[in-house]
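Coordinate analysis (summary)
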Amino acid sequence: MADHLATGFCILTVILVLAPLVAIFAYLVIKGVGSLNLAFLTQTPKPPGELGGGMANAIAGSVPIGSLLGVPLGIGAGIYLAEFGRNRFGDAVRFVSDVLNGVPSIVIGIVAYAIVVLRQKHFSALAGGTALAIMMVPTITRTTEEMLLLVPNALREAAYGLGVPRWRTTLSITLRTATSGIITGVMLAFARVAGETAPLLFTAFGNQFWNWRLDQPTAALPLQIFTYAISPYDDWHRQAWAGALVLIILIVSAVSAVRYVVRRGTLGGVA
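Since the structure is predicted, the reported quantities are computational estimates derived from the model, not experimental observations.

A word on the overall build of the chain
Per the secondary structure count, the chain includes 13 helices and 0 strands. With respect to the three principal axes, the spread of C-alpha positions in the chain is 70 × 65 × 30 Å. Partitioning the intrachain contacts of the chain with sequence separation of at least 6 by distance along the chain shows that 75% fall at a separation of at least 24. Put simply, the chain shows about 14,800 Å² of open surface, and 71% of that area lies on carbon and sulfur atoms. Here the chain carries 18 positive and 12 negative side-chain charges, and the mean point of each set is 6 Å from the other.

So, a nonpolar patch on the surface
Taken together, the side chains of V14, V17, L18, L21 and V22 present a nonpolar region at the surface, about 480 Å² in accessible area. Residue placement: V22 occurs in helix 1 (residues 2–32). V22 sits in the exposed class, given a relative accessible area of 54%.

Topic: the side chain of R94
Within the secondary structure, R94 sits in helix 5 (residues 88–101). Polar side-chain contacts of R94 include one of 2.6 Å to the side chain of E145. Those residues in contact with R94, other than ones at most four positions away along the chain, are L81, G85, R86, R142 and E145.

Quick notes on helix 9 (residues 166–177)
Within helix 9, burial applies to T169, T170, T174, L175 and T177. Taken around the axis of helix 9, the buried residues stretch over an arc of 145°, which confines them to a single face. Check the buried side of helix 9 and you find it contacts helix 4 (63–84), helix 7 (125–149), helix 8 (153–161) and helix 10 (179–194).

Remarks on the packing of aromatic side chains
By the definition in use, this model includes 7 aromatic pairs. Here the aromatic rings of F123 and F205 are separated by 4.5 Å at their centres, their planes lie at 15°, and the arrangement is stacked. Of this pair, F123 sits in the loop between helix 6 (105–120) and helix 7 while F205 sits in the loop between helix 11 (198–202) and helix 12 (221–229); the two residues are 82 residues apart in sequence, bridging distant segments of the chain. Overall, the relative accessible area of 24% leaves F123 in the partly exposed class. An angle of 70° between the planes, with centres 5.2 Å apart, marks the rings of Y233 and W236 as edge-to-face. On the basis of relative accessibility, which here comes to 32%, the residue Y233 falls in the partly exposed class. W236 sits in the buried class, given a relative accessible area of 9%.

Description of the nonpolar core
Counting residues in each nonpolar core, the largest one holds 25 residues, and the members touching the most others are M136, I140, L148, I182 and L200. Secondary-structure elements contributing two or more residues to this core are helix 4, helix 7 and helix 10. In terms of residue count, the dominant contributor to this core is helix 10 (7 residues). Not counting residues within four places of it along the chain, the set of residues in contact with M136 comprises G66, S67, V71, V186, A189, F190 and V193. Listed in part, the 17 residues of the second largest apolar core include L28, A58, L221 and A242.

A short note on the pattern of salt bridges
Between side chains of opposite charge, pairing is possible as soon as their charged atoms come close. Inspection of the entire model under this criterion finds 7 salt bridges. The closest approach of N and O atoms between R94 and D91, which form a salt bridge, is 3.1 Å. Of the two residues, R94 and D91 are both situated in helix 5; the distance of 3 residues between them amounts to about one turn of the helix. Residue class for D91 comes out partly exposed when judged on its relative accessible area of 47%. A single salt-bridge network, built from bridges that share partners, covers D91, R94, D98, R142 and E145.

Cut-offs applied
- Residues numbered from 1 in each chain as written.
- Predicted model: local features only at pLDDT ≥ 70, side-chain atom pairs only at ≥ 80, totals over all residues.
- Heavy atoms only, no water.
- Helix = DSSP H or I, 4+ residues; strand = E, 2+ residues; numbered from the N terminus.
- Contact = heavy atoms within 4.5 Å.
- Areas by Shrake-Rupley, 256 points an atom, 1.4 Å probe, with all protein chains shown as cover.
- Lys, Arg positive; Asp, Glu negative; His and termini not counted.
- Charge placed at Lys NZ, Arg CZ, Asp CG, Glu CD.
- Patch = residues over 30% accessible without salt bridge, like charges linked within 9 Å, V, L, I, M, F, W, Y side chains within 5 Å.
- Salt bridge = Lys/Arg side-chain N within 4 Å of Asp/Glu carboxyl O.
- Buried < 20%, exposed > 50% of the residue type's maximum accessible area, 1.4 Å probe, protein only.
- Polar contact = N/O pair within 3.5 Å; in protein donor to acceptor, adjacent residues only side chain to side chain.
- Arc of directions from axis to C-beta.
- Phe/Tyr/Trp six-rings, centres within 6.5 Å; stacked < 30°, edge-to-face > 60°.
- Core = buried A, V, L, I, M, F, W, Y, C linked by side-chain atoms within 4.5 Å.

Set out below in structure tokens:
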């Protein structure tokens, strides 16, 4: 009897967790699928009051720049904490990472504005990418550390016994063994920043056209959704729903694709 009650309680909690997610996704599909078309995915926004256009430039966004900056820093910091960080400096890095993980995104946007935008004297894609990278680093750092600490010490000792240097052991054995967990942490960080708007208001600022330069304002999907959502135009409201649907699809697709590849063993290493 107790076993059946515990099983039923677990099933109920799963339903309670999944129900809001399913409801949100279903509502986005209902509101946004009607505005999805080829023009939306391939064209830039039209001028205010003019129908049509799309969010192709916003879909590119600042997230790739943030990932290029944040992922290497986060993984490197995690490796240091796991392999060499049993000291006061390591404790300080852990404390800063934990605190930074809880800092509101708008505060990070203001910091990026102060250290990048004010120095450049204009908004830019680099400033937006910097803000997103700051948000990604603590999540990746702590996840990488925890995954590396789960690797059995016997593997390290076996490598040392064969005369393998410590740095090579870390890169070729320890890091490879924990690859699947580290990639999961990277995708969690990606999912967190993919929908952020507040930091980009202070840094990337937005752009109605294609931009391939790091020193110029650039569009981003959450920023474009926000701009369209607060506008007085019905067509922009419909495109905002479509943009939100595309954003969710991109996040779910990216996370699912990486986890599928990791499970197949292509990126999973020894794990």
